[in-house]
Amino acid sequence: MNLELSQDYEKEVYLLCLEGFRCAVRVSSIFYMETERNAFITSLSQFTLLTNLREMKLKNIEAIKCLIQIAHEDGNYLQGSWTQVLHCISELAK
């Protein structure tokens, strides 16, 4: 029982962190803060662990979903960050 509560709490924490990433990317994109936007997208794309599928967990899958959601909702503002997003989508397709 305690393990389940711990896992639920952990899931809530990383979902909140991913929501923070999504909002930070949106703000940095809307205000054309290229360096900040690229840093957030790069960090998020590395957190997906698409290059190491053996160690992938639910939180990494949620990061992939978050990255795709960012691309869908804020794609017009991503500019050069599209390279990282498309690289992740390409790795996902493999």
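To be clear, the structure that these remarks concern was listed above.
Residues numbered from 1 in each chain as written. Predicted model: local features only at pLDDT ≥ 70, side-chain atom pairs only at ≥ 80, totals over all residues. Heavy atoms only, no water.

Colleague: Would you explain the nonpolar core in this entry?
Modeller: As a rule of thumb, nonpolar side chains are buried together in soluble globular proteins. Ranked by size, the top nonpolar core spans 15 residues in total, and within it Leu18, Ile41, Leu44, Leu67, Ile70, Leu78 and Val85 carry the most contacts. Those elements that place two or more of their residues in this core are helix H1 (2–30), helix H2 (34–47), helix H3 (58–74) and helix H4 (82–93). No other element matches the six residues that H3 contributes to this core. Leucine 67 has contacts with Ile41, Leu44, Ser45, Val85 and Cys88, leaving out every residue within four places of it along the chain. (Core = buried A, V, L, I, M, F, W, Y, C linked by side-chain atoms within 4.5 Å. Buried < 20%, exposed > 50% of the residue type's maximum accessible area, 1.4 Å probe, protein only. Helix = DSSP H or I, 4+ residues; strand = E, 2+ residues; numbered from the N terminus. Contact = heavy atoms within 4.5 Å.)

Colleague: Explain the packing of H2 against H4 here, please?
Modeller: Two numbers describe a pair of packed helices, the interaxial angle and the distance between the axes. Look at H2 against H4: their axes get within 9 Å of each other, and the N-to-C directions meet at 10°. Judged by the angle between their axes, H2 and H4 are roughly parallel. Every pair of crossing elements has a handedness; the one defined by H2 and H4 is left-handed. Residues Ile41, Thr42 and Ser45 of H2 touch H4, and the partners they reach there are Gln84, Val85 and Cys88. (Axes fitted to C-alpha atoms, helices over the stretch in contact; angles between N-to-C directions. Parallel < 35°, antiparallel > 145°, perpendicular 65-115°, else oblique. Left-handed = near helix turned anticlockwise from the far one by under 90°.)

Colleague: I would appreciate a short explanation of a nonpolar patch on the surface in the present structure.
Modeller: Judged by side-chain polarity, Val27, Ile30, Phe31, Tyr32, Met33 and Tyr77 come together as a nonpolar surface patch covering roughly 590 Å² of accessible area. Secondary-structure assignment places tyrosine 32 in the loop between H1 and H2. (Patch = residues over 30% accessible without salt bridge, like charges linked within 9 Å, V, L, I, M, F, W, Y side chains within 5 Å. Areas by Shrake-Rupley, 256 points an atom, 1.4 Å probe, with all protein chains shown as cover. Salt bridge = Lys/Arg side-chain N within 4 Å of Asp/Glu carboxyl O.)

Colleague: Looking at this structure, how should I read the packing of H3 against H4?
Modeller: Where H3 contacts H4, the two axes come as close as 11 Å, and the packing angle between them is 130°. As the angle between them shows, H3 and H4 are arranged oblique. Judged by the sense of rotation from one axis to the other, the crossing of H3 with H4 is left-handed. In contact with Ile64, Leu67, Ile68 and Ala71 of H3, H4 contributes Trp82, Val85, Cys88 and Leu92. Partitioned by chemical class, the residues of the contact of H3 with H4 number eight nonpolar, no polar and no charged. (Nonpolar A, V, L, I, M, F, W, Y, C, P; charged D, E, K, R; others polar.)

Colleague: I would appreciate a short explanation of the pattern of salt bridges in the present structure.
Modeller: Proximity of charged atoms lets side chains of opposite charge pair with each other. Taken as a whole, this structure holds five salt bridges when the rule is applied. Note that arginine 26 and glutamate 73 form a salt bridge whose closest N and O atoms lie 3.6 Å from each other. Taken together, the residues span a long stretch of sequence, with arginine 26 in helix H1 and glutamate 73 in helix H3 at a distance of 47 residues. A residue is classified by how much of its surface remains accessible, and arginine 26, at 29% relative accessible area, is partly exposed. The partner of lysine 65 in a salt bridge is glutamate 62, and the shortest N-O contact between them spans 3.3 Å. Of the two residues, lysine 65 and glutamate 62 both sit in helix H3, three residues apart, roughly one turn of that helix. Owing to a relative accessible area of 48%, lysine 65 belongs among the partly exposed residues under this scheme. A network of salt bridges, in which partner residues are shared, links Glu19, Arg22, Arg26, Glu73 and Asp74.

On their own, these measurements won't tell you what the molecule is for.
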